[in-house]
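Working through the structure, step by step
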Amino acid sequence: GTDQISGHIKAPIKAGQHLPANPIERDKLLAFDHQLLSFCQTAESGMHACIARFFQMSHQLAQVNY
């Protein structure tokens, strides 16, 4: 349930979000955020590719069935 995932879901830093004053902690957070954004973009790109291929295949199947 939600208790098992609480604190495990991470989201990229939003504009205006307060950053740690400690430069080491801030650098760690910014590095993590950069990596998280990269993973998110990779996943979104893969999903777009899967969706596009699915529609191509379904269009091809529709042509075969007629």
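Everything here concerns the structure above.
To keep things clear, this report deals only with the structure shown in the data block. Along each chain, residues carry numbers from 1 onward, in the same order as the chain's sequence is written. At least 70 in pLDDT is required for a residue's local features to be given in this predicted model, at least 80 for side-chain atom pairs to be given and counted, and no such filter applies to totals for whole chains, interfaces and linings, which use all residues. Note that water and hydrogens are dropped before the side-chain values are worked out from all heavy atoms of the structure.

**A word on the overall build of the chain**
Secondary structure elements are taken from DSSP: a helix is a run of H or I of four residues or more, a strand is a run of E of two residues or more, and numbering for both begins at the N terminus. Tallying secondary structure elements over the chain gives 2 helices and 0 strands in all. All radius of gyration figures rest on C-alpha atoms, and the globule criterion is 2.2 Å times the number of residues raised to 0.38. Taken over C-alpha atoms, the radius of gyration comes to 20 Å for the chain, far larger than the 11 Å a tight globule of 66 residues would show. If one aligns the C-alpha atoms of the chain with their principal axes, the spans along those axes are about 65 × 30 × 20 Å. Relative to its full complement of 66 residues, the chain shows a buried share of 3%. Taking the average place of the 5 positive charges on the side chains of the chain and the average place of its 5 negative ones, the gap between the two points comes to 4 Å. For every residue, the accessible area obtained with a 1.4 Å probe (protein chains only) is divided by the maximum for its type, and the residue is called buried under 20%, exposed over 50%, and partly exposed between those limits. A positive count includes Lys and Arg, and a negative count includes Asp and Glu. His and the chain ends are not counted in either. Taken as the charge centre is NZ of Lys, CZ of Arg, CG of Asp or CD of Glu, depending on the residue.

**Quick notes on the pattern of salt bridges**
Salt-bridge detection follows one rule: a side-chain nitrogen of Lys or Arg within 4 Å of a carboxyl oxygen of Asp or Glu. Enumeration over the complete set of coordinates arrives at 1 salt bridge. Note that E25 and K28 form a salt bridge whose closest N and O atoms lie 3.8 Å from each other. With E25 and K28 both in helix 2 (residues 23-65), this residue pair falls 3 residues apart, about one helical turn. Accessibility expressed as a relative area gives 38% for E25, which makes it partly exposed.

The values are spatial; any link to function lies outside them.
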